[in-house]
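Descriptive structure summary
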Amino acid sequence: MKTKRLLAALMAGSLMLSMAACSSDTSASSDSGDQASSDGGDGGYRLSMILKTNSSEFWKVIQAGAEAYVEEHPDLVSELSIKGPPSETSYQDQINMIKTDLSDDTFDGYLIAPLQSESVASLIADTEKPVMAFDTDIDSDKCLAFIGTGNKEAAKQGALAAVEAAKAAGWETIQCIEIAGVQGDATNTARMEGYEEGITEAGGEWMADDVQYADATATKAVDAMNGIMGRYPDGVAIICSNNDDMAIAAARTAASNPAYENTIFLGFDGQKSACEAVLSGDLTMTAAQNNFDIGYKAVENMVKCLQGEEYGDVDTSTEIVTADTAQDRLDRFAEWLS
């Protein structure tokens, strides 16, 4: 954990102890009966969890992980309020959600996946309740921990695997073009840096001038892929994407173009739809996040903080899903979403 976060955590721990006596009577007398008690017992803690969006499979799995923790520990969490904007570019909607929950003094802690890290850092600057980030970090002393994938390293591992696959597919000139997410988004930037590092380290060429921003949407990825094919009629060895939806859309758009028959299409997230696409041959591979664990461990980490136990940053790791491993991950999806 960063030094600043450690100091902030110690102060937050002391603050929570001092607040406990003040909050316990209010909880006991609440008409709703679901307010958090000071020690997580009886009614349990009341937590706010704000996603980047609630409209995609990736975030639904994160939500399933968070809810799984609550189901396993009903004595520790009385309520987990989960919400998210309609898309990952609905910045103001998310800001309004965060403002609303920060103003609700009955919440004991806040879990936030920021669309705009700097904006969220400003919003939480005056809160006295513990805040943790998941999926994307928040650069603020008020943010006590980050739970999620090391995006740069995960993307690098995906890029290294993609270069090896491109060599095996017979490509002599290994160039890589990215269909990126939202320009300026911290997660998008980290993944882009990881892709570039992995491609160049493995001897490939990172086509920085040809990066196509598609706002993390499949529709715009189709347009981006059509543009790439027009500019490179003889094909490109690797097309990597900021998420699976864009990677699948790009691969299907290029499916009828013989010049792209052996192109390696690399996604990121490891969604159920991506694993199915890998098995069917519509997608080559994906750098899979353990998003169920992100949700589960985010809530678990916050509860540890509120109970005065040891907590800190959690890297939920990644795996590269190929045709050899896609079915195993699909089997896990069945368990997560059952």
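Conventions we followed
Residues numbered from 1 in each chain as written. Predicted model: local features only at pLDDT ≥ 70, side-chain atom pairs only at ≥ 80, totals over all residues. Heavy atoms only, no water. Helix = DSSP H or I, 4+ residues; strand = E, 2+ residues; numbered from the N terminus. Expected span 1.5 Å × (residues − 1). Buried < 20%, exposed > 50% of the residue type's maximum accessible area, 1.4 Å probe, protein only. Polar contact = N/O pair within 3.5 Å; in protein donor to acceptor, adjacent residues only side chain to side chain. Pairing = 2+ DSSP bridges. Right-handed = clockwise from strand over helix to strand, strands pointing away. Salt bridge = Lys/Arg side-chain N within 4 Å of Asp/Glu carboxyl O. Core = buried A, V, L, I, M, F, W, Y, C linked by side-chain atoms within 4.5 Å. Contact = heavy atoms within 4.5 Å.

Moving on: helix H6 (residues 186–201). Look at H6: 22 Å from first C-alpha to last across 16 residues, which is about the 22 Å you get at 1.5 Å a residue. Taken together, the buried positions of H6 are occupied by Thr187, Asn188, Ala190, Arg191, Met192, Gly194, Tyr195, Gly198 and Ile199. Sitting at the head of H6, Asp185 places a side-chain oxygen 3.2 Å from the backbone nitrogen of Thr187. In the stretch just after H6, Gly203 is the one whose phi turns positive, near 95°.

Turning next to helix H2 (residues 57–72). In an α-helix there are 3.6 residues to a turn, and that puts residues three or four apart on one side. Taking 1.5 Å as the rise per residue, H2 with 16 residues should run 22 Å; its terminal C-alpha atoms sit 23 Å apart, in good agreement. Those residues of H2 that sit buried are Phe58, Trp59, Val61, Ile62, Ala64, Gly65, Ala66, Ala68, Tyr69 and Val70.

All right, on to the pairing of strand S4 (residues 131–134) then. Residues Val131 and Ala133 point to one face of S4 and Met132 and Phe134 to the other, with burial holding for every one of them. Two elements, strand S3 (residues 109–112) and S4, share three bridges in a ladder whose sense is parallel. Bridging from a neighbouring strand, Tyr110 pairs with Val131 of S4. Where the polypeptide runs from S3 across helix H4 (residues 117–123) and back to S4, its parallel neighbour, the crossover connection is right-handed. With three bridges connecting them, S4 and strand S5 (residues 143–148) associate as parallel partners. Along S5, the bridge assignment pairs Ala133 with Phe146.

This part takes up the pattern of salt bridges. Within this structure, the stated rule accounts for 16 salt bridges. Measuring nitrogen to oxygen at the nearest pair gives 3.6 Å for the salt bridge that ties Asp269 to Arg191. Of this pair, Asp269 sits in strand S10 (residues 264–269) while Arg191 is found in helix H6, placing the two residues 78 residues apart along the sequence. The class for Asp269 is buried, based on a relative accessible area of 6%. Arg191 gets classed as buried once you look at its relative accessible area, which sits at 4%. What you see here is one network of salt bridges that share partners, running through Lys152, Lys156, Glu197 and Glu201.

The phi dihedral of Ala216 is positive, around 65°, even though this residue is not glycine. Among the structural elements, Ala216 can be located in the loop between strand S8 (212–213) and helix H7 (218–231). You can call Ala216 buried: its relative accessible area is 14%. You will see that Asp269, though not glycine, has its phi angle at about 130°, which is positive.

We now examine the nonpolar core. Within the largest apolar cluster, 65 residues are counted, with the highest numbers of intra-cluster contacts made by Phe134, Ile179, Met225 and Val299. When neighbours within four sequence positions are excluded, Ile179 is seen to be in contact with Gln212, Ala214, Ala221, Ala224, Met225, Ile228, Ile239, Cys240, Ser241, Asn242, Met246 and Ala250. Counting residues in hydrophobic clusters, the runner-up holds 24 residues, among them Ala154, Cys176, Ala237 and Leu266.

Function cannot be read off these values alone, since they describe shape.
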